[in-house]
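# Observations on the model geometry
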Amino acid sequence: MKNAWRKDKISNSLPEVFSSISIPKGSGFWRKYLAFAGPGLMVAVGYMDPGNWATDIAGGSQFGYTLLSVILISNIFAMVLQHLSVKLGVVAERDLAQACRDHFKPTTNFILWVLCEIAIAACDLAEVIGSAIALNLLFGIPLTWGIVITTIDVLIILLLQAKGFRWIESIVAGLMFIILVCFGYEIIISKPEINAILGGLVPQKEIIMNPAMLYIGIGILGATVMPHNLYLHSSIVQTRDYERNTKGKKEAIKFATLDSTVSLLLAFFINAAILILAAATFHTTGNQHVADIHDAYKMLTPILGASMASIAFAIALLASGQNSTLTGTLAGQIVMEGFLNIRLKPWLRRLITRLIAVIPALIVTIIYGEEGTTDLLVLSQVILSMQLSFAVVPLVMFTSDKGKMGDFVNKPFLKICVWIITFVIIILNLYLLYQTFFGE
């Protein structure tokens, strides 16, 4: 099986936490599941970052519940791709970046690395802006200061990694719980129509026929399936100390896939909740123009008549921004170490990642103010969509390669499915690019 990889693996992915979390041997299903649970949540976080909020709010307020089906389809795509990511990490014991470095020529790797860094910066941009907007809504802190604050806080959180990887997973789980509670409350008070929601989960052909709908639909797809998550997941799944043999790997794939699928269902609920909230609150009351986070915040309380509505919304936004920042920074470390084999001190690496995202955010905020940040959010999602194909294609190639994966290679049916998903993603992204630059 080793023949297909050109070089032996030099170092483990995220060496400081590699294989650091023990898995109870011979225990029951639930204890094992809990030991493997964690990485899925960290991946799911990327599926509900502030960039998603912008596309979900626009989709819900303009087209009601129709685009729920797009969120559902994107989530199914995500589940399949994260499963491949788990397989690559467990079987090959390399993250996606390390696998690319082994397989491609140095020039290709360099291009892939640059594209990936741009995607992480774009993603980070969305999170920095999202957190800054939330601080502004909750405490009236000006956006510029909010951006500065969000730069410092993530470094503090990441210091906790020294205490062990479970700390980071617990913080992520705690923040996710806050988001869930906030949206549970929002949905109860916005009283959406259940039948309309169920109808929205069925794909309608007008989504493809109506250019405005298609544009937001692709934005949702781009905001849902995150390229850096594929790198992240293939690495953090290796933090578990499972037996590195066929039986152990089989079990690790089973539990890690279960973990990510359950976590992505949570992410689906949260994304759907944002769209349902926008549809129930704005679309039905004739406020179809609400397209950004600021508008949504201002209009929630007057329309729903509950003063907590806006506050819950802003708290969930802050939790979402913090969460995504954490995982994005970690992904940055994996990508740089994997592609270039450069080992920087983690704090330095994080500082660089932050600054790449913060500087454009600050410049735009100072020059254009609030309007500029909303446009920047949408642009960051378009950039992520473009980058997605460059992460998905290598992942599908490697996991479909018998020489690289041995007995764990993708079965024919899965192979067909993942290539169809890849093809759909590429076609939609080309269309999105065309619309962005040449559309009316």
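Conventions used here
- Residues numbered from 1 in each chain as written.
- Predicted model: local features only at pLDDT ≥ 70, side-chain atom pairs only at ≥ 80, totals over all residues.
- Heavy atoms only, no water.
- Phe/Tyr/Trp six-rings, centres within 6.5 Å; stacked < 30°, edge-to-face > 60°.
- Lys NZ or Arg CZ within 6 Å of the ring centre and 35° of its normal.
- pLDDT = per-residue confidence, 0-100.
- Helix = DSSP H or I, 4+ residues; strand = E, 2+ residues; numbered from the N terminus.
- Axes fitted to C-alpha atoms, helices over the stretch in contact; angles between N-to-C directions.
- Left-handed = near helix turned anticlockwise from the far one by under 90°.
- Contact = heavy atoms within 4.5 Å.
- Disulfide = S-S within 2.5 Å.
- Buried < 20%, exposed > 50% of the residue type's maximum accessible area, 1.4 Å probe, protein only.
- Salt bridge = Lys/Arg side-chain N within 4 Å of Asp/Glu carboxyl O.
- Expected span 1.5 Å × (residues − 1).

## Here we look at the packing of aromatic side chains
- Counted by the stated rule, this structure contains twelve aromatic pairs.
- Grouped by ring-pair contacts, the aromatic residues F29, W30, Y33, F36, Y242 and F255 constitute a single cluster.
- In this structure, R244 is placed above the aromatic ring of Y242, and the distance from its NZ or CZ to the ring centre is 3.9 Å.
- Taking NZ or CZ as reference, K404 lies 4.8 Å from the ring centre of W5, over its face.

## A short note on the confidence of the model for the protein
- For the protein, per-residue confidence averages 84 on the pLDDT scale, and 94% of positions sit at 70 or higher.
- Mean pLDDT in the protein bottoms out at helix α14 (residues 293–304), which sits at 74, and peaks at helix α4 (residues 68–92), which reaches 93.

## Describing the packing of helix α8 (residues 165–190) against helix α13 (residues 246–283)
- Here α8 crosses α13 at 30°, and the two axes come no closer than 10 Å. In this structure, α8 crosses over α13, and the sense of that crossing is left-handed. Residues M176, I179, L180, F183, E186, I187 and S190 of α8 touch α13, and the partners they reach there are L266, F269, I270, A273, I274, I276, L277, A280 and T281.

## Brief notes about the state of the cysteines
- A full pass over the atoms with the stated rule returns zero disulfides.
- Unpaired in terms of disulfides, C116 finds its nearest cysteine sulfur in C100, a separation of 8.7 Å.
- The class for C116 is buried, based on a relative accessible area of 1%.

## Observations concerning the pattern of salt bridges
- Here the structure, examined in full by the defined rule, presents eight salt bridges.
- Between K404 and D401 there is a salt bridge, with its nearest N and O atoms 3.8 Å apart.
- For D401, a relative accessible area of 25% translates into the label partly exposed.
- A cluster of three or more residues bridged by salt bridges with shared partners is formed by E93, R244 and K249.

## Notes on α14
- With twelve residues, α14 should cover 16 Å at 1.5 Å per step; its first-to-last C-alpha distance of 16 Å lies within 8% of that length.
- Of the residues making up α14, those classed as buried are I293, H294, A296, Y297 and L300.

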